[in-house]
Amino acid sequence: MEQVKNSLKLSCYHCGENCNDTSIHIAEKAFCCSGCKMVYEILNKNDLCTYYDLSQNPGITQKTKVRANKFSFLEDAQVFAKLIQFTDGKQTRVTFYLPQMHCSSCIWLLENLHKLNPEIIGSSVDFPKKEITVVYNETKCKLRDVAELLTAIGYEPHINLSDMDEKVVKTTTKGRLFKLGIAGFCFGNIMMLSFPEYFSSGIYYEKGMRELFSFLILALSLPVFFYSASEFYISAWKGLKQKFLNIDAPIVLAIVITFGRSVYEILTSSGSGYLDSMSGIVFFMLAGRMFQDRVYNSISFERDYKSYFPVAVAVKKDNNEENIPVSKLKVGDRIVIRNNELIPADSILFYGKANIDYSFVTGESLPVEKGIGEIVYAGGKQIGGAIEMEVVKEVSQSYLTQLWNNDAFSQSDEKETSFIHKLSRHFTILLFSIATMAGVYWGIVDSSKLLNALTAVLIVACPCSLLLSATFTNGNIIRIFSKNKLFIKNATVIESMASVTHIVFDKTGTLTQNENAKLIFDGEALSDFEQQLIRTLAAQSSHPLSKHIYNFYPQHQLLQCESFAEKIGQGIEGSILGIQIRLGAAQYILNRLVKAENGSKVYVEINGSEKGSFVLKNNYRAGFETLVQQLKKDYTVSLLSGDNDSEKNYLRSVLGENAELLFHQSPAEKLNYIATLQAKNKKVLMLGDGLNDAGALKKSDIGIAVSDSINNFSPACDAVLAGSEFKLLKKLLDFAKTGKNIILGSFVLSILYNIVGIGFAVQGTLSPMIAAILMPASSLSILLFTVGLSSLIAKRRNLI
């Protein structure tokens, strides 16, 4: 057979998962389920099996079947209009998010959709964003058909409520690119036209050439002054309106004075001006900001609860199901929620067994069982079979929406401004002092040199070097961070990381990996037959703990179970081959309360004899213990968890006696804890992952969301750290501190250039050639110093 085979298992030809049922195959190709087999048949029929040649087992498992009519809501005119990007009635363009995309085979297949459906005109993939853009024939194909085709081949589109919002196209980066290009073009040509001036000392043999070159330089400088430098004017003006003197204010002053003096000299033929220096510095400053602002567009730092909500939900009417947009849900509607689907509105359970996973909302690691008639709050996810519920509150009034709109979460998130702005204020004061002294001196000694000296000082002492130091250093640090899968919102986050004094951890999903909890059996040795009995009983329940026990003994076949009974919140029991077996909590099995330590326990009883217990332990992230030991040397640490305290002893042993450990914490309590620390002048770093951490992440001086997939939902935050790189946190914090020192070092270097320039300026002898030499020399020195030194340090710390 073509698939991987070992002594016990066959691997699915499509997805690579184990084949428990060997009867599903085509020739020698085995499949784990009929879904994977069907996808293979579709690809084979359309001559698309090159898909499997590009990567071994590239497919997504199709064990979970997609229900019929799941995408019927895409036929709703309102939903259709919100989702598509363009239509002229014949051709329609739409973009879907496909989180399943993971390899080159996926790209190849998704860009060949037209072979599967000839009404699809074309499709293109943006792999970093995991998005596909499809153009299809609107007259012969529906949006629903496109979604169903993608689902049929294993790429079900992820459509959530935030997709219904009006899209705001960001044009900042594109606009800055144009400004940079124009500044670069003008700067290069101005420099070439200035060479005769540099090397001829202003003496031209051809009459009129000097005037011609000067006016050409002036013409080239106009787009730089009025367009390319415009963002500095806007930033400075916004700062002044808020009574805040940012670094752009003295830079604008220097640009205006340089341009004004140059225009005066050219029009009066009294000199050639400094337009080459002005254009060059604008170009370098724009380049620095472009380099710094390379934040990944594929990551959103401002997501809200809508990113978590589905667009539509199944509503039961007259024994039929109809998918309607969530926004149209009304009180009294009977909704149907299936396995792994989210509950969009507060509702009462009417039918079925509800195991609600609230881990993302509250941090509780284990699902909560609900009985008929109990209220189930929005935001939970059903684990198990389908349930029916009646809506008691509309979406806008439900628990999750109220939680998100809580006033506590709406507090101002003003973070500390950059030290660069503070430093520039001192620099500006010094600049004006020097200019004033030079002006007073020449006003007394030789008034003809007063204006020349005054303007020359303001030109030379422009704090652009400070801006260049910060932008190139921060830009390179952002690049190195992203290589280590830490994606930060902006450069200010680096400074915030450098000033942290206290670190607060969330537990569930942040320190632990939800999908990889460990199960162990603590008790007398079980025979193979007893293991088979336990697995058979556990298979009858959809409770997550039962599923863990079922998967614990995969080698045993199931037997016939009779008289099965399940008591919600207590346990399960049944008769197998006449043997009575029970699984459940201590009170249910032992008839007494036992406090669980270091995990959740499920006790086992066979024919009235206690056999031991299964202990489900959280699986903490790799390197967690080592990381905490490193962090404790430089920071105080705390833990805030919405979960229970069953693993308190273990966490105490790792975090230490001085660490504060708080469990059963609500989102508001977490936020208040952060505020209390800040009131004690602590600089707080919060690490969380779920909606229950959103307020604390926002309130803290820096909030980092830990995510096992950076493209998945995460609450609003300052940075996203991949869970696989969690162990690098201490190194990344140390590197952020290094960045500030590099900026200060390069600033000292640039001051040396300024001292030379000011020496000429205060004497009133600053020539265009000296200015033209100092400007690129200082800019290039700063670029090499900041990027080179930060890269070298990163390499020594194994960050690159």
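In this report, the structure presented in the accompanying data block is examined. Throughout, residues of each chain are indexed from 1 in the direction in which the sequence is written. Confidence filtering applies because this is a predicted model: local features only for residues at pLDDT of at least 70, side-chain atom pairs given and counted only at 80 or more, and all residues used for totals across whole chains, interfaces and linings. Computation of side-chain values: all heavy atoms of the structure, hydrogens and water removed.

Some thoughts on the pattern of salt bridges
Any two side chains of opposite charge can pair, given that their charged atoms come close.
No. 1: Basic side-chain nitrogens of Lys or Arg form a salt bridge, by our definition, when they fall within 4 Å of a carboxyl oxygen of Asp or Glu. For the structure shown, the criterion picks out 16 salt bridges.
No. 2: For R144, the salt bridge goes to E148, with nearest N and O atoms at 2.9 Å. With R144 and E148 both in helix 6 (residues 143-152), this residue pair falls four residues apart, about one helical turn. Working definition: helices are DSSP H or I runs of at least four residues, strands are E runs of at least two. Numbering for both runs from the N terminus.

Topic: the nonpolar core
No. 1: The biggest cluster of nonpolar side chains holds 50 residues, and the ones touching the most others in it are L74, F96, L110, L113, I132, Y136 and L143.
No. 2: Setting aside residues no more than four positions away along its own chain, L110 makes contact with L98, M101, S123, V125, I132, L150, I153 and Y155.
No. 3: To qualify as a nonpolar core, a set must consist of buried Ala, Val, Leu, Ile, Met, Phe, Trp, Tyr and Cys residues joined through side-chain atoms within 4.5 Å. Whether a residue is buried, partly exposed or exposed follows from its accessible area with a 1.4 Å probe, protein chains only, as a fraction of its type maximum: under 20%, in between, or over 50%, in that order. In this structure, V628, I702, L728 and I742 belong to the second largest nonpolar core, which totals 46 residues. In what follows, a contact means two residues having at least one pair of non-hydrogen atoms within 4.5 Å.

Some thoughts on the sheet that holds strand 23 (residues 609-617)
No. 1: In this analysis, strands are considered paired if DSSP registers two or more bridges between them. Sheet architecture is open: six strands sit in the order 18-23-22-21-20-19, paired in antiparallel fashion. Among the strands making up the open sheet, the edge pair consists of strand 18 (518-523) and strand 19 (561-567). Averaged over all adjacent pairs, the angle separating strand axes in this sheet is 15°, with direction ignored.
No. 2: The sheet contact formed by strand 18 and strand 23 spans six bridges and is antiparallel. Bridge assignment links K518 to a residue of strand 23, and that residue is K617.
No. 3: Between N-to-C directions, angles span 0 to 180 degrees; the directions come from axes that are lines fitted to C-alpha atoms, helices contributing only their stretch in contact. Sitting on the sheet, helix 18 (residues 528-538) is in contact with strand 19, strand 20 (571-576), strand 21 (579-584), strand 22 (600-606) and strand 23, with an inclination near 60° to strand 21.

Side note on helix 18
No. 1: Of all eleven residues that make up helix 18, nine are buried, and the element is covered over most of its length.
No. 2: Listed as buried for helix 18 are E530, Q531, Q532, L533, I534, R535, T536, L537 and A538.

Focus on the packing of aromatic side chains
No. 1: When the centres of two rings from Phe, Tyr and Trp lie within 6.5 Å, Trp using its six-membered ring, the rings pair. Their planes under 30 degrees apart give stacked, over 60 give edge-to-face, and anything left gives tilted. Applying the stated criterion across every chain, the model contains 19 aromatic pairs.
No. 2: On the numbers, 6.3 Å between centres and 80° between planes, the contact of Y13 with F31 is edge-to-face. Residue Y13 is located in the segment before strand 1 (25-26), and its partner F31 is located in the loop between strand 2 (29-30) and helix 1 (34-45); the two are separated by 18 residues in the primary sequence.
No. 3: According to the relative accessible area criterion, F31 is buried, its value standing at 0%.
No. 4: On the numbers, 4.9 Å between centres and 90° between planes, the contact of F225 with F226 is edge-to-face.
No. 5: Look at F226 and you get exposed, because its relative accessible area is 56%.

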